[in-house]
Amino acid sequence: MRIADINNVDLDQLHALSISVGWPHRAEDWQFVREVGEGIVAMDEIGRTQGSAMWFPYDTHFATIGMVITSPRLQSNGAGQWLMGHVLDRVAGRDLGLNATRAARRLYHTLKFSQEAIVYQCNGEAIAPPELDRPAGSVLRVLELGDLEAIVKLDEAAFGADRRILLGRLLTCSEGIGLMRGGKMEAFSLCRPFGRGHVIGPVVATTDEDAIAVIHPHAARHAATFLRLDTREKEGRFSNFLSQCGLPVYDTVTTMSLGRRWLTVREGDSPHKPRTYALASQTLG
């Protein structure tokens, strides 16, 4: 096996790799992550792609890791650890976060990643949600490219790192809804084509009420089609609303970190600090 840059591999090979492990990614989804991240692949002696791993640097201190796949015939031969060794060499000095499938969790534990939280993958054929009263004093509107600065600021407060490049790219391919109060953005959601249908994420808000308000239009728009949302909200109004929209929990992954803890509330944080109600994706965080 040899290592190659992920950008030098044909999309059809990457698509076939994710299909081999049952992941829903389309060729278009692979192209998107290649545009916003960096990665490597494992190639066999005749040029077939047998594994992949990617990282997404959000600032000089933090990156997420994702798209770590090994073909079924290599999964028992240590290929995942070999790939991750190459990745960790390339991101040395950064704090790291990832969302681990059940199959990969043991691998990351051996690499000294610490478990932090559970992510609930909610998906299904969406049901038109019930009509809701708009949160007090708020106005909902469609997001535009000119809203990028406000989105970046709100997302950084919730996520803990500047994701300007990713969010700018997401805005070009997503339907966005912003919740405004007094001319200030206090919540937003993005929804884009992904996998079998559409995915809602990221969603950033301070309260369940505001988070529900900004995903309601997406759930209504995509009723009777496949819709997905990945969240760490296990219970409460937001979780109950997802169930009303026909999005039950389908699977779970585990948020893990190496270095500084990713999700810890820090000294000086406001009790009204925005939080990430829905991930951009399991790969992107």
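Description of the structure in this document. (Residues numbered from 1 in each chain as written. Predicted model: local features only at pLDDT ≥ 70, side-chain atom pairs only at ≥ 80, totals over all residues. Heavy atoms only, no water.)

**A short note on the pattern of salt bridges**
Within this structure, the stated rule accounts for 15 salt bridges. Arg-260 is the partner of Asp-95 in a salt bridge, and the nearest nitrogen-oxygen pair spans 3.6 Å. With a gap of 165 residues between them, Asp-95 in strand 5 (residues 95–100) and Arg-260 in the loop between strand 12 (249–258) and strand 13 (275–278) connect regions that are remote in the sequence. Overall, the relative accessible area of 32% leaves Arg-260 in the partly exposed class. For Arg-164, the salt bridge identified is with Glu-149, shortest N-O distance 2.5 Å. In this pair, Arg-164 sits in helix 6 (residues 164–173) while Glu-149 sits in helix 5 (residues 148–159), placing the two residues 15 residues apart along the sequence. (Salt bridge = Lys/Arg side-chain N within 4 Å of Asp/Glu carboxyl O. Helix = DSSP H or I, 4+ residues; strand = E, 2+ residues; numbered from the N terminus. Buried < 20%, exposed > 50% of the residue type's maximum accessible area, 1.4 Å probe, protein only.)

**Quick notes on the environment of Gln-244**
Locating Gln-244 in the fold gives a position in helix 8 (residues 237–244). Classification of Gln-244 as partly exposed rests on a relative accessible area of 46%. A sequence separation of 118 residues divides Gln-244 from Ala-126, and the C-alpha atoms of the two residues are 9.0 Å apart. Contact partners of Gln-244, with chain neighbours within four places excluded, come to Ile-127 and Pro-130. (Contact = heavy atoms within 4.5 Å.)

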